[in-house]
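So the chains spell out like this:
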Amino acid sequence: MSFSLQSILRPHIIQLKPYSSARDEYKGEIGVFLDANENPFGSATDLGQFNRYPDPLQLKVKERLAAIKGVTTSQIFLGNGSDEPIDLLIRICCEPGKDNIIQTPPTYGMYQVSADLNHVLVKNVPLNENFELQKEEILQNIDANTKLIFLCSPNNPSGNLLHKESIIEIITRFNGIVVLDEAYIDFTPNESLLSVLDSYPNLVILQTFSKAWGMANLRVGMAFASEEIIHYLNKAKYPYNINGLSQRMILDALDNEGRKNRYATSIVRQRNELVIKLSELAQVLKIFPSDANFILVKFERAKELFDFLILEKIIVRDRTKVIHCEDCLRITVGVGEENEALLKKIQAFYNT
Ligand SMILES: *Cc1c(COP(=O)(O)O)cnc(C)c1O
């Protein structure tokens, strides 16, 4: 198959003239800035200086990130969480009421929400009971109006990696864009598909600073793709979508990649310990293998357990209503004491 971005984008997006910001006209940092109607004196807070607009294209962050990820700065888009590129991809590709996307439930909820918000039809091709891709069914469900296929690996809420060969086959046999969400890639020893990004012009890879990097509060997500796709994401975004404070903090975090890696290692160790302890309980019916920082666990009387845990101020995620997740709770791995507290309360629930 042959991919042409021009035939995937909504026609008016190809024509779209983006907002030209004051800071687009002069890139220097030193000067007399009388172009953006800012307050020249300072900010109404003592917690920092915020009176100047931030870099709309976050170049310093991207230069640092490009070196770490082995891509060019023009292959990176930064968004207000991964939610922003998810929404923008749907908005620039899908004609409301006409085009559709494919997703593979059970999976991350924002693909559906963004599609609904944009009045774009969602075709569901569920994963099988082992949470593996049904590759042929996905390919059969593609029609002339299918613009995007969302795949999530490791998958949320099941925690497993999707098979690389199946992902690649879908990318190569689809004329639209495959969005591969790698939010949990730091918790698996398996390689990101970022290493083959250059081979697939219709691949977008999403990663995030919200999980292993520990920066969820700042809301910064990454999209990696061809320079051409990134160009259109940049045209469609709000001019200053990543605020200056977030840019500074992310830049600092990127200088501490080792710390991120140590966090990921600790979380994986805690996860494996939690799995062992949970598996000793008779009322734990199944623990699904996880390559992420959470586990999906099938319990006896799961909904009752969930309600009990809430009363005990231990909050996990109820997935009991989700396809293939009957009687399952999704548990984020905490620090040692938190996991111990959880185990104690689960035991207390079943022993009364
Ligand atoms: C947590 C998560 C994200 C990250 O979202 P942000 O908006 O970057 O915080 C993305 N995708 C999946 C599947 C997730 O679980």
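That block above? That's the structure.
My aim in this report is to walk through the structure given alongside it, one point at a time. (Residues numbered from 1 in each chain as written. Predicted model: local features only at pLDDT ≥ 70, side-chain atom pairs only at ≥ 80, totals over all residues. Heavy atoms only, no water.)

Description of the pairing of strand β1 (residues 76–79)
- Here β1 shows two buried faces, one formed by I76 and L78 and the other by F77 and G79.
- In this sheet, strand β7 (residues 221–224) lies alongside β1 in antiparallel orientation, the contact comprising four bridges. Looking at the pairing, L78 lines up with M222 of β7. (Buried < 20%, exposed > 50% of the residue type's maximum accessible area, 1.4 Å probe, protein only. Helix = DSSP H or I, 4+ residues; strand = E, 2+ residues; numbered from the N terminus. Pairing = 2+ DSSP bridges.)

Quick notes on the sheet that holds strand β11 (residues 328–332)
- Judged by pairing direction, the sheet is antiparallel, and its four strands sit side by side in the order β8-β9-β11-β10 without closing on themselves. Among the strands making up the open sheet, the edge pair consists of β8 (284–287) and β10 (317–318).
- Relative to strand β9 (residues 294–299), β8 is paired through three bridges, and the arrangement is antiparallel. Counterpart to V284 in the pairing with β9 is F299.
- Strand contacts of helix α11 (residues 257–279): β8, β9 and β11, with the helix running at about 10° to β9, the strand carrying the most contacts.
- Sheet strands in contact with helix α12 (residues 302–311) are β9, β10 and β11, and its direction is about 40° off that of β11. (Contact = heavy atoms within 4.5 Å. Axes fitted to C-alpha atoms, helices over the stretch in contact; angles between N-to-C directions.)

As for the site of the ligand
- Close to the ligand lie 13 residues; D181, Y184, S210, K211 and R219 are nearest.
- At 2.7 Å, a side-chain N or O of T208 approaches an oxygen atom of the ligand.
- Calculation on the ligand without its partners gives an accessible area of 390 Å², and the protein chains cover 94% of this total.
- Classifying every residue of the shell around the ligand by side-chain character gives four nonpolar, five polar and four charged. (Near = heavy atom within 4 Å. Polar contact = N/O pair within 3.5 Å; in protein donor to acceptor, adjacent residues only side chain to side chain. Areas by Shrake-Rupley, 256 points an atom, 1.4 Å probe, with all protein chains shown as cover. Nonpolar A, V, L, I, M, F, W, Y, C, P; charged D, E, K, R; others polar.)

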